Amino acid sequence: ARRIKTKEALIPSDIAISKHEFTLLMLLLDHTEWVAPFHEEELSNLLEDDDLKYVLAQLHAHLQIHETLQAASWLAELKEERHASLVQDALSSLEKRTLGGRIYSEEKASILYQDTVRTLKIKWANRSIKALQHVMDQSNLEKERETYIEAYKQMKILQDFRAKYE
């Protein structure tokens, strides 16, 4: 599979989330038909940023009601300034680049979406492995042997999961 490089100029330098998560937000705003499958597959569990998780849940709810993105009304529905700001940054980046069209061709957008989700899966696995490694490091092997062994087993499963996407 070919990989498409994100158009770096689209990503503001001062965003509070990772460039991969911001790319995902822009892709989902540009291709709102992907929001429902993203939600149904529970891919938001891969995200590190809780604000983005909330924004994408709200986007899914908005699209269930309106079927198409009504940006102004959706922005008004977002009660927290940080959520509205994140969405506004993504919408502005899209608007500057597309002038009413789409950021990428359908094929390139699909490849970038798949690459972004793959990257998010790897990053999630890395965070989870690190957390399990911490549990193992903090475990007293004499007193908490079962905890250590369970963490080790989970870590091996996560390493295999990560290897599928690397």
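Conventions and cut-offs
Residues numbered from 1 in each chain as written. Predicted model: local features only at pLDDT ≥ 70, side-chain atom pairs only at ≥ 80, totals over all residues. Heavy atoms only, no water. Helix = DSSP H or I, 4+ residues; strand = E, 2+ residues; numbered from the N terminus. Expected span 1.5 Å × (residues − 1). Buried < 20%, exposed > 50% of the residue type's maximum accessible area, 1.4 Å probe, protein only. Arc of directions from axis to C-beta. pLDDT = per-residue confidence, 0-100. Phe/Tyr/Trp six-rings, centres within 6.5 Å; stacked < 30°, edge-to-face > 60°.

Draft legend 1. Region of interest: helix H3 (residues 50–66). Counted at 1.5 Å a residue, the expected span for H3 with its 17 residues is 24 Å, and the 24 Å between its end C-alpha atoms agrees. Within H3 the residues assigned to the buried category are Leu52, Val55, Leu56, Leu59, His60, His62 and Leu63. End-on view of H3: buried residues confined to an arc of 165 degrees, all on one side of the axis. Away from the buried face of H3 by more than 90 degrees, exposed residues Asp50, Gln64 and Ile65 are located. In the segment just after H3, glutamate 67 is the residue with positive phi, at about 70 degrees.

Draft legend 2. Inspection of the confidence of the model for the protein at higher detail. Mean pLDDT for the protein: 87, with 87% of residues reaching 70 or above. Per-element confidence in the protein ranges from a low mean pLDDT of 83 for helix H5 (residues 81–98) to a high of 96 for helix H2 (residues 35–40).

Draft legend 3. Spatial organisation of the packing of aromatic side chains. The final tally for this structure, using the stated rule, is three aromatic pairs. The interplanar angle of 85 degrees and the centroid separation of 5.6 Å between the aromatic rings of tryptophan 124 and phenylalanine 161 together place this pair among those described as edge-to-face. Of this pair, tryptophan 124 sits in helix H6 (residues 106–138) while phenylalanine 161 sits in helix H7 (residues 145–165), and the two are 37 residues apart along the sequence. Three or more aromatic residues joined by ring pairs make a cluster, and in this case those are Trp124, Phe161 and Tyr165.

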